[in-house]
Amino acid sequence: MSQTAAISNQTKRWQEMDAAHHLHPFTTHKDLARTGARVITRAEGVYLYDSEGKRLIDGMAGLWCVQVGYGREELAEAGYKALKELPYYNNFFQTTNPYAAELSQKLSEVCPKGIDRFFFANSGSEGNDSAIKLIRYYWNLMGKPKKKTFIARKKSYHGVTLAAASLSGLPHLHPQFDLPLPGFVHVECPDWFAEGGERTPEEHGLFAAKSLEDKILELGAENVAAFVAEPVQGAGGLIIPPANYWAEIQRICRKYDVLLHIDEVICGFGRTGNWFGCDTYGIEPDMINMAKGLSSGYQPIAAVGVGARVGDVLFNSDEEMAHGYTYSGHPVAAAVALANLELMQKEKLVEKAGGATGAHFQKRLAELDAHPLVGGTRGVGLLGAIEIVKDRKTRGKFPDVGTVGAQCRNHCFSNGLIMRAIGDTMVLSPPLTITESETDELFALARRCLDLTAKDLGVA
Ligand code: PXG
């Protein structure tokens, strides 16, 4: 919606209520009160519609999550059926419900090899928080209570609860809340484009992996609980690791008996062209965290998947595990997640993301490499990043990183495209259902908005 055009009284009323009473996630409220929120009222397929009737193609699948696209009857029906049959009951104290039981079974079929027991939470942040607790508990049960430090990476995003935000390595998540908590440290990430300098991507991959080994040696392996990482870093700027990175990370974790917890919240459920990022990069995790695509965002649900090493210890403990949420394995959320996974299987969405749909998306993305404002593109499956730079040769950024990205993103909104700006990196992650012609439309708009941004900057 254009913020300057005349808007309807209904939209104005919603904006006023919102500005007066709604504390938004990740929002500068002073700015919001000035401009008025964009009100999204409905969605269909890959398109969103705002309260003024403007259509936007959703290049981000919501927040990287709407794998099956919007408006899918199958998911709505599954939710409705569960709401009528069993709108709520809990899974505490030796109780379950059919949906949670069937979802656990389904997850054991699609998850990376060995991951076959699942703890349910309601968000990716809660999933990581739960994983941190399960790992602490595991080392306590193993008689190694000193193994408690978590190592994550710079520019990682693992959520916003106190522990998940501590795990996250994006610096702006910490100072407002006096984080990170003790016991969370961060090492280098394989961001070759921004930090690789003269190194080759592979040299940079080894450099980043070595920083993990250095940190373990500095802390003492007897004090390190786990290494936590996303296969491809999402919110940190779509950082795709060089080919040699993950093998080296795994070698290091095994050598020092450090658990490997993989955060699949973005990469899971087809995003990288396989069911999980672990499959794409040959990672053999001890535990994984998943959310977003698990229900295509239709219901809040997350799951921590546990392999035999940790699972056998937890399942064979004689004491009650004192952890769980009122809504862990909520019947409606589990029913919708189950219907989502069945739909993904029926429509072969993962195979398509790793096949023709992904290939067409990557081809269109790579065509933007030649744009005068673009210093490089990169992608995998249905993930894509476009680096806006001042100097294409040196990958040099414009001063005040983020300004040009925001400018480009604003052109996108005005032209009917949702494309995320992370600093000056433009990011795409559309629904896996996107068709060839919709992909063409998305990239035609992306090119137009890069052209408009170049014009603003006087770049020919
Ligand atoms: N792990 C990863 C890898 C994520 O990307 C979370 C955990 C936390 O999930 P919840 O459900 O608690 O939000 C995420 C979430 C962005 C953006 O702007 C990314 C996320 C959330 C909001 C915004 O890129 N990722």
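Everything quoted here is computed from the prediction, not taken from an experiment.

Helices and strands together make up the secondary structure of the protein chain, namely 17 helices and 15 strands. Taking 23 Å as the expected radius of gyration for a compact globule of 460 residues, we find that the protein chain reaches 22 Å, a close match to that expectation. Overall, the protein chain is about 65 × 60 × 45 Å in size when its C-alpha atoms are taken along their principal axes. Evaluated residue by residue, the protein chain yields a buried proportion of 55% over its 460 residues. Partitioning the contacts of the protein chain with sequence separation of at least 6, the portion at a separation of at least 24 is 70%. For the protein chain, the computed accessible surface area is about 20100 Å², with 54% contributed by carbon and sulfur atoms. Computed over 48 positive and 54 negative side-chain charges, the separation of the two mean positions in the protein chain equals 3 Å.

Tracing the sequence through the fold places Asn91 in the loop between helix 4 (73-85) and helix 5 (98-110). Once the C-alpha coordinates of Asn91 and His330 are considered, the two residues, 239 residues apart in sequence, prove to be 8.1 Å apart. Excluding anything up to four places from it in sequence, Asn91 contacts Thr96, Asn97, Ala100, Ser328, Gly329 and His330. Here Ser328 takes part through its backbone oxygen, which lies 2.6 Å from a polar atom of the side chain of Asn91.

Lining the immediate surroundings of the ligand are 16 residues, of which Trp64, Gly124, Ser125, Asp263 and Arg420 lie closest. Measuring from a nitrogen atom of the ligand, one finds a side-chain N or O atom of Lys292 at 3.1 Å. Measuring from an oxygen atom of the ligand, one finds a side-chain N or O atom of Arg420 at 2.4 Å. Contact with the protein chains removes 84% of the 530 Å² of surface that the ligand exposes when unbound. Contributions of two or more residues to the shell around the ligand are made by helix 3 (61-64) and helix 6 (124-141). The greatest single-element share of the shell around the ligand, amounting to three residues, is contributed by helix 6. The residue makeup of the shell around the ligand, split by class, is six nonpolar, six polar and four charged. Residues from two domains meet in the shell around the ligand; each of domain 1 (38-68 + 350-457) and domain 2 (73-346) gives at least three.

Residues with a pLDDT of 70 or more make up 99% of the protein chain, whose mean pLDDT is 97. For the protein chain, helix 2 (residues 29-35) is the element with the lowest average pLDDT, namely 91, and strand 8 (residues 259-263) is the one with the highest, namely 99.

This part takes up a nonpolar patch on the surface. Taken together, the side chains of Tyr88, Tyr89 and Tyr327 define a hydrophobic patch exposed on the protein surface, amounting to about 320 Å² of accessible area. Tracing the backbone through its elements, the reader meets Tyr88 in the loop between helix 4 and helix 5.

Counting residues in hydrophobic clusters, the biggest one holds 84 residues, and the most contacted among them are Leu103, Leu107, Phe227, Met290 and Leu294. By residue number, the principal contributor to this core is helix 13 (residues 331-346), which donates eleven residues. Looking at which domains feed residues into this core, each of domain 1 (38-68 + 350-457) and domain 2 (73-346) supplies at least three. Excluding its chain neighbours within four sequence positions, the residues that come into contact with Leu107 are Phe118, Phe120, Phe269, Met290, Leu294, Ala303 and Leu341. Listed in part, the 27 residues of the second largest apolar core include Phe119, Phe150, Val304 and Val310.

Take the packing of aromatic side chains next. The geometry of two aromatic rings is summed up by the distance between their centres and the angle between their planes. What the rule picks out here adds up to eleven aromatic pairs. When the centroid spacing of 4.9 Å and the interplanar angle of 65° are considered together, the rings of Tyr138 and Trp139 count as edge-to-face. Among the residues examined, Tyr138 registers a relative accessible area of 2% and is labelled buried. A residue is classified by how much of its surface remains accessible, and Trp139, at 1% relative accessible area, is buried. The residue whose ring lies beneath Arg395 is Trp192, and the NZ or CZ to ring-centre distance is 3.8 Å. Seen from the ring of Phe193, Arg395 lies directly overhead, with NZ or CZ sitting 5.7 Å from the centre.

So, on to the pattern of salt bridges. Any two side chains of opposite charge can pair, so long as their charged atoms come close to each other. Applying the stated criterion across every chain, the model contains 21 salt bridges. Between Glu195 and Lys155 there is a salt bridge; the shortest N-O distance is 2.8 Å. Highlighted residues: Glu195 in helix 8 (residues 192-195) and Lys155 in the loop between strand 5 (149-153) and helix 7 (162-167), separated in sequence by 40 residues. Using a relative accessible area of 32% as the deciding quantity, one classes Glu195 as partly exposed. The closest approach of N and O atoms between Lys255 and Glu213, which form a salt bridge, is 3.7 Å. Of this pair, Lys255 sits in helix 10 (residues 245-255) while Glu213 sits in helix 9 (residues 201-219), and the two are 42 residues apart along the sequence. Taking relative accessible area as the criterion, Glu213 reaches 13% and is therefore assigned buried. Salt bridges sharing partners connect three or more residues here, namely Glu213, Glu248, Arg251 and Lys255.

Thresholds, definitions, all that
Residues numbered from 1 in each chain as written. Predicted model: local features only at pLDDT ≥ 70, side-chain atom pairs only at ≥ 80, totals over all residues. Heavy atoms only, no water. Helix = DSSP H or I, 4+ residues; strand = E, 2+ residues; numbered from the N terminus. Rg over C-alpha atoms; globule rule 2.2 N^0.38 Å. Buried < 20%, exposed > 50% of the residue type's maximum accessible area, 1.4 Å probe, protein only. Contact = heavy atoms within 4.5 Å. Areas by Shrake-Rupley, 256 points an atom, 1.4 Å probe, with all protein chains shown as cover. Lys, Arg positive; Asp, Glu negative; His and termini not counted. Charge placed at Lys NZ, Arg CZ, Asp CG, Glu CD. Polar contact = N/O pair within 3.5 Å; in protein donor to acceptor, adjacent residues only side chain to side chain. Near = heavy atom within 4 Å. Nonpolar A, V, L, I, M, F, W, Y, C, P; charged D, E, K, R; others polar. Domains from an automatic or database assignment. pLDDT = per-residue confidence, 0-100. Patch = residues over 30% accessible without salt bridge, like charges linked within 9 Å, V, L, I, M, F, W, Y side chains within 5 Å. Salt bridge = Lys/Arg side-chain N within 4 Å of Asp/Glu carboxyl O. Core = buried A, V, L, I, M, F, W, Y, C linked by side-chain atoms within 4.5 Å. Phe/Tyr/Trp six-rings, centres within 6.5 Å; stacked < 30°, edge-to-face > 60°. Lys NZ or Arg CZ within 6 Å of the ring centre and 35° of its normal.

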